[in-house]
Amino acid sequence: MPEYTVAATGSILVVVLLELLLLRTRLFTKASYWITLAIVWFFQILVDGWLTKLDAPIVTYTREQFSGIRFPWDIPIEDFAFGFSIATLTLLLWEKAAIGRRPTASPRSAPERVE
Amino acid sequence: MDRYQYLLLMAACVAITLPLELVLGARVYRRPRRLVIVLLIVVAIFLVWDAIAIARDHWQYSERFTTGWLLPFGIPIEELAFFLVIPLCTLLTYEAVNALLRKGHERA
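Everything numeric here is computed off the predicted structure, so don't read it as measured data. (Residues numbered from 1 in each chain as written. Chains lettered and ligands numbered in written order. Predicted model: local features only at pLDDT ≥ 70, side-chain atom pairs only at ≥ 80, totals over all residues. Heavy atoms only, no water.)

Undergrad: Explain the packing of helix α3 (residues 78-98) of chain A against helix α2 (residues 32-55) of chain B to me, using residue names and the numbers behind them.
TA: To characterise two packed helices, one gives the angle between the axes of the helices and the distance between these axes. Closest axis-to-axis distance for the α3 of chain A/α2 of chain B pair is 9 Å, and the angle between their directions is 150 degrees. One element, α3 of chain A, and the other, α2 of chain B, form an angle in the roughly antiparallel class. The two elements α3 of chain A and α2 of chain B cross, and the hand of that crossing is right-handed. Residues F82, S85, I86, L89, T90, L93, W94, E95, A97 and A98 of chain A of α3 of chain A form the contact with α2 of chain B, whose own contacting residues are R34, L35, V38, I41, V42, I45, F46 and W49 of chain B. (Axes fitted to C-alpha atoms, helices over the stretch in contact; angles between N-to-C directions. Helix = DSSP H or I, 4+ residues; strand = E, 2+ residues; numbered from the N terminus. Parallel < 35°, antiparallel > 145°, perpendicular 65-115°, else oblique. Left-handed = near helix turned anticlockwise from the far one by under 90°. Contact = heavy atoms within 4.5 Å.)

As structure tokens, then:
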């Protein structure tokens with residue numbers, strides 16, 4: 001398999017395992033996370049689409065190093081795995097940084113369980 | 001102007017998401033300590049990925065649309081900007097969504 005394909009899909013696994021085994025922020029159970037991911041995906045298509053457009057690319061990809069599948073427009077599909085990982089890792093760390101610094105649980109939700 | 005294209009794209013992302021903090025009450029810039037900690041970790045991890053990807057020739061950068069200012073390992077400063085700006089925009093989106101959901105709950 002091409003190297004970027006391996007790295008990009010592997011990064012999803014690493015980020016998900018990081019949450020499940022180590023950070024345990026429960027980010028994946030939050031509606032706001034999934035809504036954010038959908039919004040980020042939409043804007044990624046605009047920004048990444050501009051960066052990778054084949055008629056005037058800012059970033060060019062070596063054909064042998066990725067799947068060769070470009071969608072939508074000219075975006076290498078691996079970029080969406082990359083995007084998932086950078087967005088999710090950022091939010092996981094943001095949530096983790098908050099846990100333990102809250103003096104009391106918010107009135108609306110159950111107490112945070114810090115394992 | 002061409003050589004600033006990548007940097008200007010990143011600046012546009014910062015500008016477009018600023019109202020999330022100022023109007024929608026995202027409170028990301030207003031938690032600078034937490035923001036800096038998160039960004040330092042994310043930037044470090046993705047700069048390593050980028051350095052490897054550049055060395056392994058996964059991708060290259062247009063000389064026309066970048067400044068040519070390079071960090072060690074041949075990383076364009078535009079990439080550093082990307083790894084700061086994209087996480088920042090993600091956090092602003094997330095906290096804006098959280099703020100809106102909270103407002104929705106309060107109204108209900």
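Undergrad: Requested: an account of the interface of chain A and chain B, with residues and values cited.
TA: Contacts between the two partners involve 39 residues from chain A and, on the opposite side, 40 residues from chain B. Interface area, chain A with chain B, both sides summed: about 3,500 Å², of which 73% is carbon and sulfur. Taken together, the connections running from chain A to chain B amount to one salt bridge. With its nearest N and O atoms 2.4 Å apart, the salt bridge here joins E3 of chain A to R56 of chain B. Taken together, the connections running from chain A to chain B amount to 13 residue pairs in polar contact (both at pLDDT 80 or more). Elements represented by at least two residues in the side of chain A that touches chain B include exactly α1 (3-23), α2 (31-52), β1 (59-61) and α3 of chain A. Broken down by element, the side of chain A that touches chain B gets its largest block of residues, 12 residues, from α3 of chain A. (Buried area = accessible area lost by both parts, 1.4 Å probe. Salt bridge = Lys/Arg side-chain N within 4 Å of Asp/Glu carboxyl O. Polar contact = N/O pair within 3.5 Å; in protein donor to acceptor, adjacent residues only side chain to side chain.)

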